[in-house]
Amino acid sequence: MKTAKKEPMALQTLLMNILVTTVLMVIATIAAQAFFHYSRNSTSVAMIYVLTVMLIARYTTGYVPGIFASLVGVVCVNYVFTYPYMDLNFTLDGYPVTFVGMMVVSGVTSGLTTRTKYQSEMLREREKMLMEAEKETMRANLLRAVSHDLRTPLTSIIGMAQTYQENYALFTEEEKLEMVRGIREDADWLLNMVENLLSVTRIRMGDTRVNTSPELLEEVVAGAVQRLHKRLPEAVVHVRVPDEVLMVPMDPVLISQVIINLLENSVYHSGSTEPIDLIVEKHPDGVEFHIRDYGKGIPSDRLNTIFDGGGIEVNKSGDSHKGMGIGLTICKTIVAAHRGEIWVLNRDKGAEFVFTLPIEGELSEKKHTEQKPEGEYKE
Amino acid sequence: MNKQVVLSIEDERNIGNYIETILMSNGYKTLKAMNGMSGLSLCTSHHPDLILLDLGLPDVDGMEVLERIRGFSNVPIIVISARTQEREKVEALDKGADDYITKPFGSEELLARIRTALRHSNQVRSSAGTEKQYSCDELMIDFDKRLVTLAGEDIHLTQIEYKLVSLLAKNAGKVLTYDYILKEIWGPYADTDNQILRVNMANIRRKIEKNPAEPHYIYTEIGVGYRMKEG
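Residues numbered from 1 in each chain as written. Chains lettered and ligands numbered in written order. Predicted model: local features only at pLDDT ≥ 70, side-chain atom pairs only at ≥ 80, totals over all residues. Heavy atoms only, no water.

Helix and strand counts for chain A stand at nine helices and seven strands. Scored against the burial criterion, the 379 residues of chain A give a buried share of 44%. A separation threshold of at least 6 residues defines the contact pool for chain A, and within that pool the share at least 24 residues apart is 74%. When the accessible surface of chain A is totalled, it reaches about 20,600 Å², and 61% of it is carbon and sulfur. (Helix = DSSP H or I, 4+ residues; strand = E, 2+ residues; numbered from the N terminus. Buried < 20%, exposed > 50% of the residue type's maximum accessible area, 1.4 Å probe, protein only. Contact = heavy atoms within 4.5 Å. Areas by Shrake-Rupley, 256 points an atom, 1.4 Å probe, with all protein chains shown as cover.)

Next comes the structure, spelled out in structure tokens:
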């Protein structure tokens, strides 16, 4: 059993220890008195003290209070509650055992408590390091995705503009319009990418947290869909939010960006024009956003890496600029910065992206320490 | 016909030309300034009917130009801002701008905002500026009778909710900041926490919109305020 480093006990901790010990001992004694008064049974009294010793060891720091409590406990039991009453007599059988028993209980519990505290310290340290490493990887992936995802539409725009300029007289009106439409599309896409990148700078670089404010869920969702329609007016999205009025702490610009990215992703990659469902559900510790399309789903070999910028795909039809790369990576960064989670799964028809946002400020520890598989999927 | 004059104060040449083209092909006369100082002098010498003001000017802070103009004129001003400058937008609106438009913008949006701003300023100028009614699609608000109906059915709103809806309706098409609404409805000493406003808006939405997450009449401009659809 590892023992923690002996740190000088801070005054505050010391006072806490004294307080806890005293209070619990007093309660125990009162309880014992009452108990004894009604039942005249000294074994139960001893049990009360053992329980108290355990509690004291659990809620104080270090071994001292527990051991001290054991001592006091044994003396009390002996002095007050056993024959001969109001007198110390250690010759009767069983005392050493009781005393040792209490000491063991106290020692073990103190040990456990210290160990748990130490372990959670270590865990927190490790978590921090993991986050740093994750950030670095994400940044590297991002840069890679950026150079590809931004350069491709630009190349296409320059190409089309050049062709238009040089062969102006040779094209029909329709062809010219088509080229300009293509330029517009690529430019829109570029703009979206740039906005995504700008979003990332809103995340405080120091500790990957964001400035959250309580926002009305329905407004953020409505706003995101509105902005989507500016760029993709023909996209049909069915929105559903819970009936109750929900305020969720978030950075609204960033979360809108996540919603828009996921919706756009569905529009461009599902290969289907069926309406996309955007459904928000309330769960006890947060809200869940589901973006569901009814298209061809995600190829299963991509499910696990799709958020890591590894999803730069060259679409068969040649629309290579509409890579999923940056958008999804950024979604993951933003959701993680909100202490939420994001994942994707394939349904029988189409794919479903889900991300969560905690409603309390910090996500409860249990969710964050288990590594949620980033690409659980059903066949 | 007397064409209305729009002054655009915009330092980027491409955007300036773009604005000029759109405006001229839609029956407006245009004036162009490439920086704040010349913009101010054009404003005082030509008295335009509306000003398009870019917040990111090279010589003088757009906000200062705004304040200076507001110092002597009530001319409708629409500020042009970049996407992520929410606080600037709100500041501009609170300092007297009538509306804002975000780069990049389409011609439809620009023209619509200009129309709305001109309409409201005309109303304010003419003494018969108070409308009796707001009507848009299925929603109808009678300001005299203080009645709100949706597809013919009466909608029951609380006092505050009615005040909110009628304020937005009287300014339909124009964005109203959270602060402005708070002060108008709850008074100048209202707490600046706009939660109470948000909750009221959420309740209103549940009464008049089919789907509160797909609003038809009242749009939320995140970080800025609310805008009601023009009738």
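From this point, the discussion proceeds with the structure in view.
Below, the discussion takes up helix 6 (residues 159-170) of chain B. Here helix 6 of chain B is twelve residues long and its end C-alpha atoms lie 16 Å apart, about the 16 Å a rise of 1.5 Å per residue gives. Of the positions making up helix 6 of chain B, those classed as buried are B:Glu161, B:Tyr162, B:Leu164, B:Val165, B:Ser166, B:Leu167, B:Leu168 and B:Ala169. (Expected span 1.5 Å × (residues − 1).)

A separate point is the sheet that holds strand 2 (residues 29-33) of chain B. Residues and elements named next belong to chain B. An order of 2-1-3-4-5 is seen for the five strands of this open sheet, with the pairing classed as parallel. With partners counted over all chains shown, the strands left at the sheet margins are strand 2 and strand 5 (99-102), one partner each. Neighbour-to-neighbour, the strand axes of the sheet open up by a mean angle of 20°, direction not taken into account. The sheet strands contacting helix 3 (residues 62-72) are strand 1 (5-9), strand 3 (50-54) and strand 4 (77-81), and the helix crosses strand 3 at an angle near 155°. (Pairing = 2+ DSSP bridges. Axes fitted to C-alpha atoms, helices over the stretch in contact; angles between N-to-C directions.)

A word on unusual backbone geometry. Cis rather than trans, the peptide bond between B:Lys103 and B:Pro104 has omega equal to -5°. By the secondary structure assignment, B:Pro104 is in the loop between strand 5 and helix 5 (107-125). At A:Arg339, a residue that is not glycine, the phi angle is positive and equals roughly 65°. Inspection of the secondary structure puts A:Arg339 in the loop between helix 8 (325-337) and strand 6 (342-346). Phi is positive for B:His47, which is not a glycine, with a value near 45°. Here B:His47 is to be found in the loop between helix 2 (36-46) and strand 3. Taking relative accessible area as the criterion, B:His47 reaches 59% and is therefore assigned exposed.

So, about the interface of chain A and chain B. Contacts between the two partners involve 27 residues from chain A, matched on the other side by 22 residues from chain B. Surface buried jointly by chain A and chain B totals about 1,900 Å² across both partners, of which 51% is contributed by carbon and sulfur atoms. The salt bridge involving B:Arg205 is made with A:Glu219; its shortest N-O contact spans 2.5 Å. Seen at the junction of chain A and chain B, the total is eleven residue pairs in polar contact (both at pLDDT 80 or more). Among the elements of the structure, helix 5 (173-202), strand 1 (213-216), helix 6 (217-231), strand 2 (237-240) and helix 7 (252-269) of chain A are those that each provide at least two residues to the side of chain A that touches chain B. Classifying every residue of the side of chain A that touches chain B gives 15 nonpolar, three polar and nine charged. (Buried area = accessible area lost by both parts, 1.4 Å probe. Salt bridge = Lys/Arg side-chain N within 4 Å of Asp/Glu carboxyl O. Polar contact = N/O pair within 3.5 Å; in protein donor to acceptor, adjacent residues only side chain to side chain. Nonpolar A, V, L, I, M, F, W, Y, C, P; charged D, E, K, R; others polar.)

Low-pLDDT stretches of the model should not have their predicted coordinates read in fine detail. Residue and element names in this part refer to chain A. Averaged over every residue, the pLDDT of chain A is 77; the share at 70 or more is 79%. Overall, residues 1-6 carries pLDDT values under 50, and its contacts beyond four positions in sequence, including any with other chains, amount to five contacts. Scored below 50 in pLDDT, residues 361-379 shows 32 contacts in the model against residues more than four places distant or in partner chains. (pLDDT = per-residue confidence, 0-100.)

This paragraph deals with the environment of B:Leu197. Residue and element names in this part refer to chain B. Assignment of secondary structure puts Leu197 in helix 8 (residues 195-208). Accessibility expressed as a relative area gives 0% for Leu197, which makes it buried. Measuring from C-alpha to C-alpha, the distance between Leu197 and Leu182 comes to 7.0 Å, with 15 residues separating the pair along the chain. For Leu197, the contacting residues outside a window of four places in its chain are Leu164, Tyr178, Ile181, Leu182, Trp186 and Tyr226.

It is worth spelling out the pattern of salt bridges at this point. Inspection of the entire model under this criterion finds 29 salt bridges over all chains. A salt bridge links A:Glu185 to A:Arg181, with the shortest nitrogen-to-oxygen separation between them at 2.7 Å. With A:Glu185 and A:Arg181 both in helix 5 and four residues apart, the pair spans about one turn of that helix. A salt bridge links B:Lys95 to B:Glu67, with the nearest nitrogen and oxygen atoms 3.2 Å apart. Within this pair, whereas B:Lys95 is found in the loop between helix 4 (86-94) and strand 5, its partner B:Glu67 is found in helix 3, the two being separated by 28 residues in sequence. According to the relative accessible area criterion, B:Glu67 is partly exposed, its value standing at 38%. Via salt bridges that share partners, A:Glu215, A:Glu218, A:Glu219, B:Arg198, B:Arg205 and B:Arg206 belong to a single interconnected network.

Turning our eyes to something else, we now look at the packing of helix 6 of chain B against helix 8 of chain B. Axis angle and axis distance: for two packed helices, these are the angle between their axes and the distance between the axes, and together they describe the pair. Residues and elements named next belong to chain B. Following both chains from N to C, one finds helix 6 and helix 8 inclined at 85°, their axes separated by 10 Å at the closest point. Compared by their axis directions, helix 6 and helix 8 come out roughly perpendicular. Contacts between helix 6 and helix 8 involve Ile160, Glu161, Leu164, Val165 and Leu168 from the first element and Leu197, Asn200, Met201, Asn203, Ile204 and Lys207 from the second. The residue inventory of the contact of helix 6 with helix 8, partitioned by class, reads seven nonpolar, two polar and two charged. (Parallel < 35°, antiparallel > 145°, perpendicular 65-115°, else oblique.)

Right, let's get into a nonpolar patch on the surface. Taken together, A:Leu11, A:Leu14, A:Leu15 and A:Ile18 make up a surface patch of nonpolar side chains, about 400 Å² in accessible area. Within the secondary structure, A:Leu15 sits in helix 1 (residues 11-39). (Patch = residues over 30% accessible without salt bridge, like charges linked within 9 Å, V, L, I, M, F, W, Y side chains within 5 Å.)

Residues of chain B with pLDDT of at least 70 account for 96%, and the chain-wide mean is 88. In the predicted complex, the global pTM is 0.65; the interface-specific ipTM is 0.79.

What follows is about the sheet that holds strand 12 (residues 225-228) of chain B. Residues and elements named next belong to chain B. What the three strands build is an open sheet, ordered 10-12-11; its pairing is antiparallel. Pairing within the sheet leaves two strands with one partner each, and these edge strands are strand 10 (175-177) and strand 11 (218-221). Direction aside, the axes of adjacent strands within the sheet are offset by 30° on average. Bridge analysis of strand 11 against strand 12 gives four bridges, and the strand direction is antiparallel. Looking at strand 12, one finds that Glu221 is bridged to Gly225. Its contacts with the sheet place helix 6 against strand 10, strand 11 and strand 12, and it is angled at close to 65° to strand 12.

We now examine the packing of aromatic side chains. Here a ring pair, both rings aromatic, is described through the centre-centre distance and the interplanar angle of the planes. According to the stated counting rule, one finds four aromatic pairs over all chains in the structure shown. Above the plane of the ring of B:Phe143 lies B:Lys170, whose end atom (NZ or CZ) is 4.9 Å from the centre. (Phe/Tyr/Trp six-rings, centres within 6.5 Å; stacked < 30°, edge-to-face > 60°. Lys NZ or Arg CZ within 6 Å of the ring centre and 35° of its normal.)

Here we take up the nonpolar core. One finds A:Val221, A:Ile259, A:Leu263, A:Leu278, A:Phe289, A:Phe353 and A:Phe355 to be the most contacted residues of the largest nonpolar core, which totals 47 residues. Among the elements that make up this core, the one with the highest residue count is helix 7 of chain A (seven residues). Not counting residues up to four positions away in its chain, the partners in contact with A:Leu278 are A:Val221, A:Val225, A:Val237, A:His238, A:Val239, A:Arg240, A:Ile259, A:Leu263, A:His290 and A:Ile291. Listed in part, the 29 residues of the second largest apolar core include B:Leu139, B:Leu164, B:Leu197 and B:Ile208. (Core = buried A, V, L, I, M, F, W, Y, C linked by side-chain atoms within 4.5 Å.)

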